[in-house]
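Residue-level structural notes
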Amino acid sequence: CGYADERDAWELLFSISCALSSLSREGMAHACISTDCVYLWNNNMMLLEGGDLVCKEGEEWNSRKTDVAFISPQQVKLGHVTIQDDIWSLGATVFHLLMGVKIFNGQGGKVQHTSTPIPSFNESRYSSELCRLIRECLSYNPESRPTLEQVITISEDGLMKSRAKVGEKRTKGRRDEVSLD
């Protein structure tokens, strides 16, 4: 992990947030998005694996199967998972892919508090929009994190812009093609 390009980061954000949207409609959450359950597939599309980590929102999760680096502060403290926790985990996963290190020295939300600063990004390598979205996903306060729909919209726009830079066809409407099945 480390130093993924911006297009791959947008692809991951878009694909995983669409998959989370499918889960959320069923009242479910993933419980631990991490670099261990994200794989490249068919022209760089990201798939999320780990069906044994999917649980009902608010349900307790099996912490033995997860890497604490990707667990939100609330999930660590309260022992259950929500979609807002998944958004934090998604931010931690993309941070790891971009920077090559796990957030907060691999301790994730276990050591994050309201005043803990988010580590800085290489903003000369990545757009301010991508860096801002990741920082917002990693916010300590769940209400300060973007909604799933906001992540989908922002990441879809970022993905289309990054594809346009390299001359790829610009397409919208892939939201329903992404699932965890």
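Residues numbered from 1 in each chain as written. Predicted model: local features only at pLDDT ≥ 70, side-chain atom pairs only at ≥ 80, totals over all residues. Heavy atoms only, no water.

**Things to note about the overall build of the protein chain**
From N to C terminus, the protein chain includes five helices and four strands. Secondary structure elements of the protein chain occur, N-terminal to C-terminal, as α-β-β-β-β-α-α-α-α. Across the 181 residues that make up the protein chain, the buried fraction comes to 49%. Contacts in the protein chain between residues far apart in sequence, at least 24 positions, make up 67% of those at least 6 positions apart. Split by element, the accessible area of the protein chain, about 8800 Å² in all, is 47% carbon and sulfur. (Helix = DSSP H or I, 4+ residues; strand = E, 2+ residues; numbered from the N terminus. Buried < 20%, exposed > 50% of the residue type's maximum accessible area, 1.4 Å probe, protein only. Contact = heavy atoms within 4.5 Å. Areas by Shrake-Rupley, 256 points an atom, 1.4 Å probe, with all protein chains shown as cover.)

**Some thoughts on the layout of surface pockets**
Estimates place the volume of the largest pocket at around 240 Å³. Surrounding the largest pocket, 13 residues form its lining, Glu6, Trp10, Gly158, Ser162 and Lys165 being those nearest its centre. Going through the elements one at a time, α1 (6-25) and α5 (148-165) are the ones with two or more residues in the lining of the largest pocket. When residues in the lining of the largest pocket are grouped by element, the largest group, six residues, is from α5. Each residue belonging to the lining of the largest pocket can be placed in one class, and the counts come to three nonpolar, three polar and seven charged. (1 Å grid on protein atoms, 1.4 Å probe; cavity = no way out; pocket = protein on both sides within 12 Å on 5 of 7 lines; lining within 4 Å. Points joined across faces, edges and corners; volume = space filled by probe spheres on them. Nonpolar A, V, L, I, M, F, W, Y, C, P; charged D, E, K, R; others polar.)

**A word on the environment of isoleucine 118**
Looking at the element boundaries, isoleucine 118 is found in the loop between α3 (83-99) and α4 (128-137). Expressed as a C-alpha distance, the spacing of isoleucine 118 and arginine 135, which sit 17 residues apart in the sequence, is 6.6 Å. The contacts of isoleucine 118, once residues within four sequence positions are left out, are Phe104, Gln112, Arg135 and Leu138.

**Details of the nonpolar core**
In terms of nonpolar packing, the biggest core is built from 37 residues, with Leu13, Leu90, Val94, Leu98, Leu130 and Ile134 touching the most fellow members. Put simply, the parts of the chain that give this core at least two residues each are α1, α3, α4 and α5. Those residues in contact with isoleucine 134 that lie beyond four places of it in its chain are Leu13, Gly91, Val94, Phe95 and Phe121. (Core = buried A, V, L, I, M, F, W, Y, C linked by side-chain atoms within 4.5 Å.)

**Side note on α5**
Between the first and last C-alpha of α5 there are 26 Å, a value that for 18 residues agrees with the 26 Å anticipated at 1.5 Å per step. Residues Leu148, Val151, Ile152, Ser155, Glu156, Gly158, Leu159, Met160, Ser162 and Arg163 constitute the buried set of α5. Those residues of α5 that are buried are in contact with α1, α3 and α4. (Expected span 1.5 Å × (residues − 1).)

**Focus: α3**
The end-to-end C-alpha distance of α3 is 24 Å, a good match for the 24 Å that 17 residues give at a rise of 1.5 Å each. The buried count for α3 comes to 15 of 17 residues, which makes it a mostly enclosed element. Positive phi shows up at glycine 100, right after α3, with a value of about 80°.

**Topic: the environment of leucine 138**
With respect to the secondary-structure elements, leucine 138 resides in the loop between α4 and α5. Sequence separation between leucine 138 and isoleucine 103 is 35 residues; the distance between their C-alpha atoms is 9.3 Å. Leucine 138 has contacts with Trp88, Gly91, Ala92, Phe95, Ile103, Gln112 and Ile118, leaving out every residue within four places of it along the chain.

**Details of the confidence of the model for the protein chain**
In the predicted model, the protein chain carries a mean pLDDT of 79, and 72% of its residues have values of at least 70. Per-element averaging of pLDDT across the protein chain places strand β3 (residues 45-48) at the bottom with 50 and α4 at the top with 95. In this model, residues 51-55 is a region of pLDDT below 50 whose contacts with residues beyond four sequence positions or in other chains number 16 contacts. Contacts of residues 170-181 to residues separated by more than four positions or lying in other chains number 27 contacts, the stretch itself having pLDDT below 50. (pLDDT = per-residue confidence, 0-100.)

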